[in-house]
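Chain by chain, the residues run as shown.
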Amino acid sequence: MGTILITGGLGQIGTELSELLISTYGNDRILVSDIKKETPNENIRYTRLDVSDADSVRKIIGENDVTDIFHLAAILSATGEKDPFMTFNVNLQGTQNIYRAAKDFDVKKLFIPSTIGVYGPSTPKDLVPEDTQTRPVTMYGITKIAGEMLGDYYFRKFGMDVRGLRFPGLISYKFPPTAGTTDYAVDMIIHAVRGMDYECYLKCDTEMPMMYMPDALNAVVDLYEAPRKNLTRCTDYNVGAYSMTPVTLHREIKKYYPEFKVRYQPDYRQEIADGWPHSIDFRKAQKDWNFKPAYDLELTVKDMILNLRKKFDC
Ligand code: NAD
Ligand code: AKB
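Only a predicted model underlies this, so the values are computations on that prediction, with no experimental measurement involved. All chains use their own residue numbering, which begins from 1 and follows the written sequence. By the order in which they are written, chains take letters starting at A while ligands take numbers starting at 1. With the structure being a predicted model, the display of local features is reserved for residues of pLDDT at least 70 and the display and counting of side-chain atom pairs for 80 or more, all residues being used for whole-chain, interface and lining totals. Only hydrogens and water are set aside when side-chain values are computed; all heavy atoms of the structure are taken into account.

### So, the domain arrangement of the protein
Put simply, the rule reads: Domain limits in this description derive from either an automatic procedure or a database domain assignment. Contact definition: two residues touch when any of their heavy atoms are within 4.5 Å. Summed over both partners, buried area is the accessible surface (1.4 Å probe) that two parts give up on being assembled. Criterion for a salt bridge: a side-chain nitrogen of Lys or Arg within 4 Å of a carboxyl oxygen of Asp or Glu. Under the rule applied, a polar contact is a pair of N or O atoms within 3.5 Å (in protein, one hydrogen donor and one hydrogen acceptor; residues adjacent in sequence only if both atoms are side-chain atoms). Each helix corresponds to a stretch of at least 4 residues labelled H or I by DSSP, and each strand to a stretch of at least 2 residues labelled E; elements are numbered beginning at the N terminus.
Looking at the protein, the domain boundaries give domain 1 (3–168 + 212–238) and domain 2 (170–210 + 241–312). The distance between the C-alpha centroids of domain 1 and domain 2 comes to 23 Å. Contacts between the two partners involve 45 residues from domain 1 and, on the opposite side, 38 residues from domain 2. Carbon and sulfur atoms supply 61% of the area buried between domain 1 and domain 2, which totals about 3700 Å² over both sides. Remark: the boundary between domain 1 and domain 2 carries two salt bridges. Residues glutamate 19 and lysine 174 are paired through a salt bridge, measuring 3.3 Å at the closest nitrogen-oxygen approach. Counting the contacts that link domain 1 with domain 2 gives 21 residue pairs in polar contact (both at pLDDT 80 or more). Elements with a minimum of two residues in the side of domain 1 that touches domain 2: helix H1 (12–25), helix H3 (77–82), strand E6 (161–167), helix H7 (213–225) and strand E10 (237–238).

### Considerations on the site of ligand 2
In plain terms, the rule: Note on definitions. A residue lies near a molecule or strand when any single heavy atom of the residue is within 4 Å of it. Per-residue and other accessible areas were derived by the Shrake-Rupley procedure at a 1.4 Å probe size, with only the shown protein chains allowed to occlude residues. Just so you know the grouping, Ala, Val, Leu, Ile, Met, Phe, Trp, Tyr, Cys and Pro go in nonpolar, Asp, Glu, Lys and Arg go in charged, and all remaining residues, Gly too, go in polar.
Contacts to ligand 2 come from Leu76, Ser77, Thr115, Ile116, Tyr140, Pro168, Gly180, Thr181, Thr182 and Trp276. Serine 77 is positioned such that a nitrogen or oxygen atom in its side chain is 2.5 Å from an oxygen atom of ligand 2. When isolated, ligand 2 has an accessible area of 250 Å², and the protein chains bury 93% of it. Its residues assigned to classes, the shell around ligand 2 shows five nonpolar, five polar and no charged. Split by domain, the residues of the shell around ligand 2 number at least three in each of domain 1 (3–168 + 212–238) and domain 2 (170–210 + 241–312).

### Remarks on helix H11 (residues 297–312)
Heads up, the condition is: Helix span, as expected, comes to 1.5 Å for every residue beyond the first. Residue burial is assigned from relative accessible area. The probe radius is 1.4 Å, only protein chains are included, and a residue is buried under 20% of its type maximum, exposed over 50%, and partly exposed in between.
Between its first and last C-alpha atoms H11 spans 22 Å; for 16 residues at 1.5 Å apiece the expected length is 22 Å, and the two agree. All buried positions along H11 are accounted for by Leu297, Thr300, Val301, Asp303, Met304, Ile305, Asn307 and Leu308. Residues of H11 that are buried in the fold lie against strand E7 (169–171), helix H6 (184–193), strand E9 (208–212), strand E11 (242–244) and helix H8 (246–254). Among the residues of H11, the N-terminal cap falls to aspartate 296, whose side-chain oxygen and the backbone nitrogen of glutamate 298 are separated by 3.3 Å. Within two residues after H11, aspartate 313 carries a phi angle of roughly 55°, on the positive side.

### Side note on the layout of surface pockets
We count it as follows: Definitions used throughout: a 1 Å grid over protein atoms alone; a cavity as a set of points that fits a 1.4 Å probe which cannot get out; a pocket as an open set with protein on both sides within 12 Å along at least five of seven lines; a lining residue as one with an atom within 4 Å of a point. Grid points are joined across faces, edges and corners, and a volume is the space filled by probe spheres set on the points.
In this model, the largest pocket occupies a volume close to 920 Å³. Around the largest pocket sit 43 residues that line it, and Gly11, Leu72, Ala74, Ile75 and Leu76 are the ones nearest its centre. Among the elements of the structure, H1, H3, helix H4 (84–104), strand E5 (109–115), helix H5 (139–158) and E7 are those that each provide at least two residues to the lining of the largest pocket. Class assignment for the residues of the lining of the largest pocket results in 23 nonpolar, 15 polar and five charged. In terms of domain composition, the lining of the largest pocket takes at least three residues from each of domain 1 (3–168 + 212–238) and domain 2 (170–210 + 241–312). Of the volumes computed, that of the second largest pocket is approximately 220 Å³. Considering the residues around the second largest pocket, the lining is formed by Gly9, Leu10, Thr15, Ser18, Glu19, Ile22, Lys36, Thr39, Pro40, Asn41, Ile44 and Phe175. Within the lining of the second largest pocket, the residues separate by chemical class into five nonpolar, five polar and two charged.

### With respect to the sheet that holds strand E2 (residues 30–34)
For sheets, the rule is that strands pair by backbone hydrogen bonds, running either parallel or antiparallel. Heads up, the rule is: Paired strands, as defined in this entry, are two strands with at least two bridges between them according to DSSP. Lines fitted to C-alpha atoms define the axes, with helix axes restricted to the stretch in contact, and inter-axis angles between N-to-C directions lie between 0 and 180 degrees.
With parallel pairing, seven strands are arranged side by side in an open sheet as E3-E2-E1-E4-E5-E6-E10. Strand pairing shows two members of the sheet lacking a second neighbour, strand E3 (46–48) and E10, which therefore form its edges. Note that strand E4 (residues 66–71) and E5 share three bridges and pair parallel. Considered in E5, the bridge of aspartate 68 is made with lysine 109. Relative to E4, helix H2 (residues 54–63) is tilted by about 135°, and along the sheet it contacts strand E1 (3–7), E2, E3 and E4.

Okay, here's the thing in structure tokens:
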């Protein structure tokens with residue numbers, strides 16, 4: 001059995017996906033990598049890997065008998081607008097480096113997450129399907145749609161088994177998100193649990209699709225393990241669970257913290273959010289590989305609060 005390489009493995013998704021893959025496939029098969037020098041978890045096999053460095057990517061893949069890759073390394077939307085050139089290098093050049101080395105070293109399967117950020121201001125807003133207008137205006141969106149298309153190309157041209165899905169904003173408590181436009185959701189809940197008011201960087205009625213991390217992780221594994229013959233798409237299955245605005249989230253949190261206050265002070269992230277859909281159509285994922293989220297907004301907030309209270313001991 002070969003090695004399963006995870007890139008960007010110390011981020012919001014990678015931290016939890018690594019744990020899940022280790023518990024499923026065993027510690028010996030999983031090699032976690034990230035640009036960060038060290039991992040806080042000494043019990044995992046870890047190597048530093050900058051995906052924008054093609055030689056390092058080839059070295060790690062070539063020397064470790066890599067058969068599977070979960071390619072999570074990326075710069076997300078908000079940081080992407082602060083440094084678009086680095087974002088291009090990491091998200092697009094880095095993804096090409098991974099695809100190219102995967103092909104040359106005969107990697108069997110590759111998973112790459114995409115995002116609702118591939119949609120843009122000209123996309124219709126509601127129940128958006130995969131095949132629609134995708135003209136993103138952020139560097140994040142541009143690099144992610146190009147990464148999807150490259151993956152489709154490697155599948156068609158070289159028969160490489162590339163699979164991917166378009167995530168909405170993800171809510172989780174283990175590792176807080178730090179670089180995206182949907183991060184307000186986690187921040188708001190953390191502030192409530194810690195007894196602090198929250199200043200939200202989006203307008204109160206900004207609606208976006210969201211999903212809780214356990215559903216996101218199940219989606220990754222279910223898509224990865226689905227028989228290829230059942231899949232009608234390659235890198236761009238829409239998945240999601242519910243849509244919400246900052247005000248609907250605030251209302252839900254107030255069931256637990258009636259005094260909790262939120263002020264609205266929109267910044268540059270408002271423009272990013274305004275270009276994204278309000279809701280997405282994920283019926284293809286349901287039909288092809290039985291995607292079914294378990295958490296609605298109410299259950300997400302309940303579980304987040306429960307776990308954050310334990311984490312912060314409050
Ligand atoms: P994250 O920012 O938490 O993690 C990304 C990781 O990549 C970080 O640990 C970072 O150190 C690492 N990284 C940055 N530059 C690198 C480089 N040059 N080489 C190697 N590693 C590098 O992001 P995340 O939320 O875990 O996102 C993972 C993937 O999921 C991304 O492709 C993202 O587009 C996608 N996604 C995430 C969300 C979400 O809400 N979290 C939603 C949609 C799509
Ligand atoms: C972001 O806000 O950048 C991410 C995403 C939806 O891709 N959470």
